[in-house]
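Given next are the chains, with one letter for each unit.
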Amino acid sequence: MMDTFELPASAPAVVAHGKDDLRIEDVRLKQPAADEAVVEIAYGGICGSDLHYWLHGAAGESILKDPMVLGHEVVGTVARAAADGSGPAAGTPVAVHPATPGPGAARYPADRPNLSPGCTYLGSAARRPHTDGAFLRFANLPARMLRALPPGLPLRRAAVVEPASVAWHAVSRAGDVMGRRALVVGAGPIGALAVAVLKRAGAAHITAVDMFDKPLEIAAAVGADAVVKGDDADAIAAVEADVVIESTGNRFGLASAINGAVRGGRVVMVGLLPSGPQPVAVSLAITRELELVGSFRFNDEIDQVIAALADGSLFTDPVVTHEYPLSRGLEAFDMARDPARSGKVLLDFGA
Ligand SMILES: [Zn+2]
């Protein structure tokens, strides 16, 4: 019986203790707050930020100072509904919106809470105490983060909802892409999901660029019409894309993105560049009158992604290349760090 769910004293989790120190270990479970549901996590996707905490002890400006449970790309089933009655009932399969808008007073557009100062995210060391993630068999999550999955959308397919929402937001920052030529630089999970979203949105022709064969195979499987391997500047310039999605997060990728944009085109930067100055030949953006726009996380796009996955109009299955039981979590991370061999790697918390 779901409503007699007994929270165990502890549960296995993926915990980053510091650079090169990732552990699968039992953590003590707290009783949920009144507005929190207990979610039995089914799948968790390994994200670039999770890899950064493991490999570098930091993700961008966010430096790991205390042990932190990783993970923000999770789906599962509500084991115990929030005591205050908010959110989905016990037994409901859910995806998770990992953001909590911040209390900061700085100005930002009210309809874009992803830009609110002080915004926290599951599995982020941006603040101290760190915000624990949800790579945990039983996670206490605020009920407002939970999105019920419609019938016909299995948890396994919904496991990409979070990164697909990032991609959906990035494509929406490109404006109306119907009938337009698109270029996606970097065909890792976010880039490949951007290809899938562009395809669904009616882009006329999509080219994907990557350094490796495996991501390009995935991009082609979700809708890329052409692929370019490596950083062949002439081949990229010849694309003359109306919209470009930059998802590598490095300056070489950004240079390719600018190079591949048509005069008057728009470049959406979703790959997070390292902080600090970046040497990029940006003068072309002036003489071509390019629009360079940033894209950061997402807002309510998650609801559109869930609906599009459920009705089959958004096809993402090839993006997930590997799945490991939690007990083999370290192997999973090792696979996820290698873009030549893997796309999105999932942890199976129920196995
Ligand atoms: Zn992610």
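The numbers attached to residues start from 1 for each chain and follow its sequence in the written order. For this predicted model, a pLDDT threshold of at least 70 governs which residues receive local features, and a threshold of 80 or more governs which side-chain atom pairs are given and counted, while totals over whole chains, interfaces and linings are taken from all residues.

### Here we look at the overall build of the protein chain
Looking only at helices and strands, the protein chain features 10 helices and 20 strands. Relative to its length of 351 residues, the protein chain is compact, with a C-alpha radius of gyration of 20 Å against a globular reference of 20 Å. Counting only C-alpha atoms and orienting by the principal axes, one finds that the protein chain spans roughly 65 × 45 × 40 Å. Contacts spanning at least 24 positions in sequence make up 68% of the contacts within the protein chain whose residues lie at least 6 apart. Think of it this way: any DSSP run of H or I at least four residues long counts as a helix, any run of E at least two long counts as a strand, and we number them from the N terminus. Our radius of gyration is a C-alpha quantity, and the globule rule it is checked against amounts to 2.2 Å times the number of residues to the power 0.38. Note that contacts rest on C-beta atoms placed from the backbone: two residues are in contact if these are within 7 Å.

### A word on the domain arrangement of the protein chain
With domains assigned, the protein chain is organised as domain 1 (2-160 + 316-348) and domain 2 (167-294). Opposite the 11 residues of domain 1 that make contact, domain 2 presents 13 residues. For the side of domain 1 that touches domain 2, a count of residues per class yields five nonpolar, three polar and three charged. Domain delimitation in this document rests on an assignment produced automatically or drawn from a domain database. Only Asp, Glu, Lys and Arg are considered charged, only Ala, Val, Leu, Ile, Met, Phe, Trp, Tyr, Cys and Pro nonpolar, and every remaining residue, Gly among them, polar.

### Points about the sheet that holds strand S6 (residues 68-69)
In this scheme, strands are said to pair when DSSP sees at least two bridges between them. Pairing is antiparallel across the open sheet formed by three strands, whose spatial order is S2-S1-S6. Every interior strand has two partners, whereas the edge strands, strand S2 (21-28) and S6, have only one. When strand S1 (residues 10-18) meets S6, the two strands line up antiparallel, connected through two bridges. What sits directly across from Ala-16, in S6, is Met-68.

### Looking at the sheet that holds strand S13 (residues 181-185)
Here six strands make up an open sheet; going across it, the order is S15-S14-S13-S16-S17-S18 and the pairing parallel. Each edge of the open sheet is held by one strand with a lone partner, namely strand S15 (226-229) and strand S18 (291-294). Strand-to-strand twist of the sheet, defined as the mean angle between neighbouring strand axes without regard to direction, takes the value 20 degrees. Sitting on the sheet, helix H4 (residues 189-200) touches S13, strand S14 (205-210) and strand S16 (241-246), and the angle it makes with S14 is about 175 degrees. In this analysis an axis means a line fitted to C-alpha atoms, helices contributing only their contacting stretch, and an angle means the value between N-to-C directions, from 0 to 180 degrees. Against the sheet, helix H5 (residues 213-221) touches S13, S14 and S15, its axis set at about 170 degrees to S15.

### Description of the pairing of strand S19 (residues 320-325)
Sheet topology note: the S19/strand S20 (residues 344-348) ladder contains five bridges and is parallel. Opposite Pro-325, over in S20, you have Asp-348 as the bridge partner. We call a crossover right-handed when, viewed with both strands directed away from the observer, the connection leading from the first strand over the helix to the second proceeds clockwise. Assessed by its sense of winding, the connection that carries the chain from S19 through helix H10 (residues 329-336) to S20 is right-handed.

### A closer look at the packing of H4 against H5
Between H4 and H5, whose axes approach to 9 Å, the crossing angle comes to 20 degrees. Relative to H5, the element H4 lies roughly parallel. The two elements H4 and H5 cross, and the hand of that crossing is right-handed. Residues Gly-191, Ala-192 and Val-195 of H4 form the contact with H5, whose participating residues are Pro-215, Ile-218 and Ala-219. Its residues assigned to classes, the contact of H4 with H5 shows five nonpolar, one polar and no charged. Should an angle fall under 35 degrees it is taken as roughly parallel, and over 145 as roughly antiparallel, whereas 65 to 115 is taken as roughly perpendicular and any remaining angle as oblique. Helix crossings get a hand from a simple test, with the near helix turned counterclockwise from the far one by less than a right angle marking a left-handed crossing and a clockwise turn marking a right-handed one.

### Topic: the nonpolar core
One finds Val-184, Ala-194 and Val-195 to be the most contacted residues of the largest nonpolar core, which totals 111 residues. With eight residues, the single largest contributor to this core is H4. Looking at this core, you find at least three residues from each of domain 1 (2-160 + 316-348) and domain 2 (167-294). Leave out the neighbours within four places in its chain, and Val-184 touches Gly-191, Ala-194, Val-195, Ile-206, Ala-208, Ala-219, Ile-245 and Ser-247. Any set of buried Ala, Val, Leu, Ile, Met, Phe, Trp, Tyr and Cys residues joined through C-beta atoms within 7 Å is what this text calls a nonpolar core. To sort residues by burial, count the other C-beta atoms lying within 10 Å of each one's C-beta; a count of 20 or more means buried, 12 or fewer means exposed, and anything in between means partly exposed. C-beta atoms are built from the backbone.

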